[in-house]
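Survey of secondary and tertiary structure
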Amino acid sequence: MKVGILALQGAVREHRNMLHRLGVETVDVLNPQDLHGIGGLILPGGESTTVGKLMARYGLLTPVAEAGRAGLPIFGTCTGLILLSKHINNSAQLSLGLMDTWVERNAFGRQQASFEADMPIPALGGRPFHAIFIRAPYIAKVGNAVTVLLRHEEKILFARQGNLLAAAFHPELTDDTRIHEYFMAEFSLA
Ligand code: GLN
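Described below are features of the structure shown in this document. (Residues numbered from 1 in each chain as written. Predicted model: local features only at pLDDT ≥ 70, side-chain atom pairs only at ≥ 80, totals over all residues. Heavy atoms only, no water.)

**Some words on the overall build of the protein chain**
Secondary structure summary: the protein chain contains 5 helices and 12 strands in total. Dimensions of the protein chain along its principal axes, counting C-alpha atoms only, are 40 × 35 × 30 Å. When the 190 residues of the protein chain are sorted by exposure, 53% land in the buried category. Excluding contacts between residues fewer than 6 apart, the proportion of contacts in the protein chain whose partners are at least 24 apart in sequence is 64%. Counting every atom, the protein chain has about 8500 Å² of accessible surface; 46% of that belongs to carbon and sulfur. Placing the 17 positive and 17 negative side-chain charges of the protein chain at their respective mean positions leaves the two points 5 Å apart. (Helix = DSSP H or I, 4+ residues; strand = E, 2+ residues; numbered from the N terminus. Buried < 20%, exposed > 50% of the residue type's maximum accessible area, 1.4 Å probe, protein only. Contact = heavy atoms within 4.5 Å. Areas by Shrake-Rupley, 256 points an atom, 1.4 Å probe, with all protein chains shown as cover. Lys, Arg positive; Asp, Glu negative; His and termini not counted. Charge placed at Lys NZ, Arg CZ, Asp CG, Glu CD.)

Next comes the structure, spelled out in structure tokens:
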């Protein structure tokens, strides 16, 4: 099963490398035709206002939203989490509007604009996950359909709603493949 990676901006190569390490074939998604034949899609980190505008310009916003509503597994990291959200506080930026999440952008304050921390994620089992945050968002509130996979000091940092998975941090910047493996396994992409 091929997995698409939205390749308009941001940490595309890192996700690609991670999936290749797992033996997964990837497709760079740059226009709507690239969505044909993929079993899942990754929305990498970057800058969400820019990526939203680029998705609209390349005609991807509506087809990706429709594919997500039709059940395509989508995993968003950081900017990807913002793009998946229905509610982005204090912003009218373009998004896919798929997850019942209320997101705060750049929400960790200047001191913590970028930071790393080991966080226990029960769904992954075993040792804590080394989470890297870069001008990260967090989810302040979720609807009933959302399962929280990681909460830290009232901030929701990893969550799932049906076929949608969202992380505020960057698993693709670590050597730990467990979150990508979780995405592949939970949605039978492997
Ligand atoms: N601050 C960025 C945004 O609002 C997200 C940062 C990231 O993806 N690393 O889109």
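Structure shown, so let's carry the discussion forward.
**What about the site of the ligand?**
Around the ligand, the surrounding shell consists of Gly45, Gly46, Glu47, Ser48, Cys78, Thr79, Ile82, Arg105, Asn106, Ile134, Arg135 and His170. One of the backbone nitrogen or oxygen atoms of Gly46 is found 3.0 Å away from an oxygen atom of the ligand. Arg135 is positioned with one of its backbone polar atoms (N or O) 2.8 Å from a nitrogen atom of the ligand. Burial of the ligand by the surrounding chains reaches 93%, relative to a free accessible area of 300 Å². (Near = heavy atom within 4 Å. Polar contact = N/O pair within 3.5 Å; in protein donor to acceptor, adjacent residues only side chain to side chain.)

**Some remarks on the side chain of Arg178**
With respect to the helices and strands, Arg178 occurs in helix 5 (residues 178–186). In this structure Arg178 comes out as buried when scored by relative accessible area, which is 13%. Within the structure, the side chain of Arg178 is placed 2.8 Å from the backbone oxygen of Arg127, a separation counted as a polar contact. The residues contacting Arg178, other than those within four sequence positions of it, are Leu124, Gly125, Gly126, Arg127, Pro128 and Phe129.

**Some words on the pairing of strand 2 (residues 26–29)**
Looking at chain direction, strand 1 (residues 2–6) and strand 2 are connected through 4 bridges and run parallel. When the sheet's bridge partners are listed, Gly4 is paired in strand 2 with Val27. Handedness of the crossover joining strand 1 and strand 2 through helix 1 (residues 12–21) is recorded here as right-handed. (Pairing = 2+ DSSP bridges. Right-handed = clockwise from strand over helix to strand, strands pointing away.)

**Section: the environment of Thr77**
Among the structural elements, Thr77 can be located in strand 4 (residues 74–77). Sequence spacing of Thr77 and Ala56 is 21 residues, and the spatial spacing of their C-alpha atoms is 19 Å. Among all residues touching Thr77, those that are not within four sequence positions of it are His15, Leu43, Pro44, Gly45, Ala167, Phe169, Pro171 and Glu172.

**As for the environment of Leu94**
Relative to the helices and strands, Leu94 resides in the loop between strand 5 (85–88) and strand 6 (99–104). Exposure remark for Leu94: the relative accessible area of 39% places this residue in the partly exposed category. When the C-alpha positions of Leu94 and Val3 are compared, they lie 24 Å apart, and in sequence the two are 91 residues distant. The residues touching Leu94, leaving out its near neighbours within four places in the chain, are Gly52, Lys53, Ala56, Leu61 and Leu83.

**Some details on helix 2 (residues 48–57)**
By the burial criterion, the buried members of helix 2 are Ser48, Val51, Gly52, Leu54 and Met55. Buried residues of helix 2 fall within an arc of 165° about the axis and therefore sit on the same side. Facing away from the buried side of helix 2 by more than 90 degrees, the exposed set consists of Lys53 and Arg57. As for helix 2, its buried residues are in contact with strand 1, helix 3 (61–69) and helix 4 (79–84). Between the side-chain oxygen at the start of helix 2 and the backbone nitrogen of Thr49 there is a gap of 3.1 Å, and the oxygen is on Glu47. Just past helix 2, the residue Gly59 takes up positive phi, approximately 70°. (Arc of directions from axis to C-beta.)

**Here's the deal with the nonpolar core**
Generally speaking, soluble globular proteins have nonpolar side chains that are buried together. Membership of the largest hydrophobic core comes to 64 residues, with the highest contact counts inside it found for Met55, Phe133, Phe158 and Phe169. Apart from residues lying up to four places away in sequence, Met55 is in contact with Leu6, Leu8, Leu60, Leu61, Val64, Leu83 and Leu96. (Core = buried A, V, L, I, M, F, W, Y, C linked by side-chain atoms within 4.5 Å.)

**Some remarks on the packing of aromatic side chains**
Counting across every chain of the model gives 10 aromatic pairs. A ring pair is formed by Phe129 and Phe169, whose centres lie 5.9 Å apart and whose planes are at 45°; its orientation type is tilted. Separated by 40 residues along the polypeptide, Phe129 in strand 8 (residues 129–134) and Phe169 in the loop between strand 12 (164–167) and helix 5 bring together distant segments of the chain. By relative accessible area, Phe169 is classed as buried at 0%. Aromatic side chains Phe158 and Phe169 sit 5.9 Å apart centroid to centroid with 65° between the ring planes, which places their arrangement in the edge-to-face category. Taken together, the residues Phe158 in strand 11 (residues 155–161) and Phe169 in the loop between strand 12 and helix 5 connect sequence positions 11 residues apart. For the residue pair Phe158 and Phe169, the accessibility class agrees, reading buried in each case. Ring pairing ties together the aromatic residues Phe108, Phe115, Phe129, Phe133, Tyr138, Phe158, Phe169 and Tyr182, which thus form one cluster. (Phe/Tyr/Trp six-rings, centres within 6.5 Å; stacked < 30°, edge-to-face > 60°.)

Interpretation note: all reported values are geometric properties and have no functional meaning in isolation.
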